[in-house]
Amino acid sequence: MGIRPPLKDMLIDNHNRTINYLRLAVTDRCNLRCNYCMPEEGIDFSNNHKLFTIDELSKLSAILVSQGIDKIRITGGEPFVRKDLMVLLRNLSKMNGLNEISITTNATLIGPYIDELKELGITNINVSMDAINRSTFEKITRRDYYDTVHDNILRLITEGFKVRINFIALDGQNTEDILPMLELAKHYDVCVRYLEEMPFNGGSRKFDSIVWDYKRILEHIKEVYPDYKKIPSHETSTSINYKIPGFKGTFGVIPSFSRTFCGSCNRLRITATGDVITCLYAQACMNIRDILRSDASEEKIRVQILKAIGSRSKTGFEAQQEYQGIFRNSMTSIGG
Ligand code: SAM
Ligand code: SF4
């Protein structure tokens, strides 16, 4: 595979935002069935030939890096259900101009790869864990992986990875775990991030408002830890971050449903089947898989990406208005 060190362009959207962050889903499959993400059964996974191959993912990434992407987050589905994932990560780690590779995972299958990830310098790992209580975890994920996830999180932390825990506040399911989960940040240098639930769940639940928004999550934490202090976050960060005095780690809230962060959005999403998504609340604006598979694809891809970046919605609310009915989507194809 030829990975060229190209001259860098910049991707600027139609609202003057620089797009330098790609969230790349490598599969729509998952070994868990988190109830906020996908239905228990009857999931319409894509045929294998519709998924990008590792060569295609590497080629696409190289094109996008030449256009100005300097940070790629690998997501899914569960990225590690792809047996060839490490081949992609090895390719990405050699790519000039790509400054950061990170992964979002459920941490069920990462164990055997931890040493190599460290060798490749891939140390930013987000782990989704929505309960510290075993039975709550098993109810939410509909699977029996509690010990594996717990052990892998501790291993990642002790091996020096920069670990962030993603915890979605789900009314009636796990909010009793919000404070116990914070104990992880008390004892370890991790960031526990509380997310608002979004209505992307494969159509298993319908809602147009949420009970546990970021303000309520913060109030809940304040009842026990009134001294927490806001800490600086990167301007493109989706999380607002805090420190509790005496804690080794930090915590954050992500207003994914309230959408307070759209103004500084720097993200582009590509699904495992090639759908290009310029806003989480929008539908895919195009598919680039077949273009990538055609001749002279590189220039065509560049043009299509510029086109997508040039017609982004200003906010998630605007996108939601434009694309009614998208809430049938599941995060397992979008990648979070
Ligand atoms: N399987 C990996 C994992 O769970 O971390 C990666 C894919 S998962 C779809 C990516 C992120 O999307 C996770 O942090 C997950 O919590 C989040 N997510 C999934 N469904 C969601 C929903 N309905 N609302 C908010 N976040 C969601
Ligand atoms: Fe799988 Fe992640 Fe969705 Fe859970 S959130 S079902 S682990 S893709």
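In this report, we go over the structure that sits alongside the text. (Residues numbered from 1 in each chain as written. Chains lettered and ligands numbered in written order. Predicted model: local features only at pLDDT ≥ 70, side-chain atom pairs only at ≥ 80, totals over all residues. Heavy atoms only, no water.)

Our focus in this paragraph is the overall build of the protein. A count of helical and extended segments in the protein gives eleven helices and twelve strands. For the protein, whose C-alpha radius of gyration is 19 Å, the value lies close to the compact-globule estimate of 20 Å for 336 residues. Residues classed as buried in the protein amount to 54% of the 336 residues present. Counted over contacts in the protein with a minimum sequence separation of 6, partners at least 24 positions apart contribute 73%. Here the protein has roughly 14800 Å² of accessible surface; of this, 48% comes from carbon and sulfur atoms. Positive and negative side-chain charges in the protein, numbering 44 and 41 respectively, have mean positions lying 3 Å apart. (Helix = DSSP H or I, 4+ residues; strand = E, 2+ residues; numbered from the N terminus. Rg over C-alpha atoms; globule rule 2.2 N^0.38 Å. Buried < 20%, exposed > 50% of the residue type's maximum accessible area, 1.4 Å probe, protein only. Contact = heavy atoms within 4.5 Å. Areas by Shrake-Rupley, 256 points an atom, 1.4 Å probe, with all protein chains shown as cover. Lys, Arg positive; Asp, Glu negative; His and termini not counted. Charge placed at Lys NZ, Arg CZ, Asp CG, Glu CD.)

Here we take up the site of ligand 1. With respect to spatial proximity, 19 residues lie near ligand 1, and among them Y36, G77, S128, M198 and M331 are the closest. The backbone of T105 places a nitrogen or oxygen atom 3.3 Å from an oxygen atom of ligand 1. Interatomic distance of 3.2 Å between a side-chain N/O atom of N166 and an oxygen atom of ligand 1. Protein chains bury 96% of the 540 Å² of accessible surface belonging to ligand 1 in isolation. (Near = heavy atom within 4 Å. Polar contact = N/O pair within 3.5 Å; in protein donor to acceptor, adjacent residues only side chain to side chain.)

Attention now moves to the pattern of salt bridges. A complete count under the given rule lists 14 salt bridges for this structure. Salt-bridge contacts for D9 lead to R302; the nearest nitrogen and oxygen are separated by 3.6 Å. Separated by 293 residues along the polypeptide, D9 in the segment before strand 1 (21-25) and R302 in helix 9 (residues 297-309) bring together distant segments of the chain. Ionic pairing is found between K71 and E100, a salt bridge with its closest N-O pair at 4.0 Å. Taken together, the positions of K71 in strand 2 (residues 71-75) and E100 in strand 3 (residues 100-105) put the pair 29 residues apart, joining distant regions of the chain. Classification of K71 by relative accessible area gives partly exposed; the value is 22%. (Salt bridge = Lys/Arg side-chain N within 4 Å of Asp/Glu carboxyl O.)

The next thing to look at is helix 1 (residues 54-67). The terminal C-alpha atoms of helix 1, which comprises 14 residues, lie 20 Å apart, in line with the 20 Å expected from a rise of 1.5 Å per residue. With twelve of its 14 residues buried, helix 1 lies for the most part within the structure. I54, E56, L57, S58, L60, S61, A62, I63, L64, V65, S66 and Q67 are the residues of helix 1 that are buried. Lining the buried residues of helix 1 we find strand 1, strand 2, helix 2 (85-93), strand 10 (267-270), helix 8 (289-292) and helix 9. (Expected span 1.5 Å × (residues − 1).)

Let's shift gears to unusual backbone geometry. A positive phi angle is found at A107, which is not glycine, with a value near 65°. Residue classification places A107 among the buried residues on the basis of a relative accessible area of 0%. Its identity is not glycine, yet R142 carries a phi of approximately 60°, on the positive side. Among the secondary structure elements, R142 is positioned in the loop between helix 4 (134-141) and helix 5 (146-158). Judged by relative accessible area, R142 falls into the partly exposed class, the value being 23%.

What the twelve strands build is an open sheet, ordered 7-8-9-6-5-4-3-2-1-10-11-12; its pairing is mixed. What marks the edges here is a single partner per strand, and that holds for strand 7 (229-231) and strand 12 (286-287). In the sheet, strand 5 (residues 162-169) pairs with strand 6 (residues 191-196) via six bridges, with the strands oriented parallel. Each residue of the ladder has a partner; that of I168, found in strand 6, is L195. Of the strands in this sheet, strand 1, strand 2 and strand 10 are in contact with helix 1, which crosses strand 1 at around 170°. (Pairing = 2+ DSSP bridges. Axes fitted to C-alpha atoms, helices over the stretch in contact; angles between N-to-C directions.)

Before going further, it helps to spend a moment on the pairing of strand 5. Burial analysis of strand 5 places six of its eight residues in the buried class, the great majority of the element. In the classification by handedness, the crossover that spans strand 5, the intervening helix 6 (residues 178-187) and the parallel strand 6 is right-handed. (Right-handed = clockwise from strand over helix to strand, strands pointing away.)

The biggest cluster of nonpolar side chains holds 78 residues, and the ones touching the most others in it are I74, L117 and Y194. No other element matches helix 1, which puts seven residues into this core. (Core = buried A, V, L, I, M, F, W, Y, C linked by side-chain atoms within 4.5 Å.)

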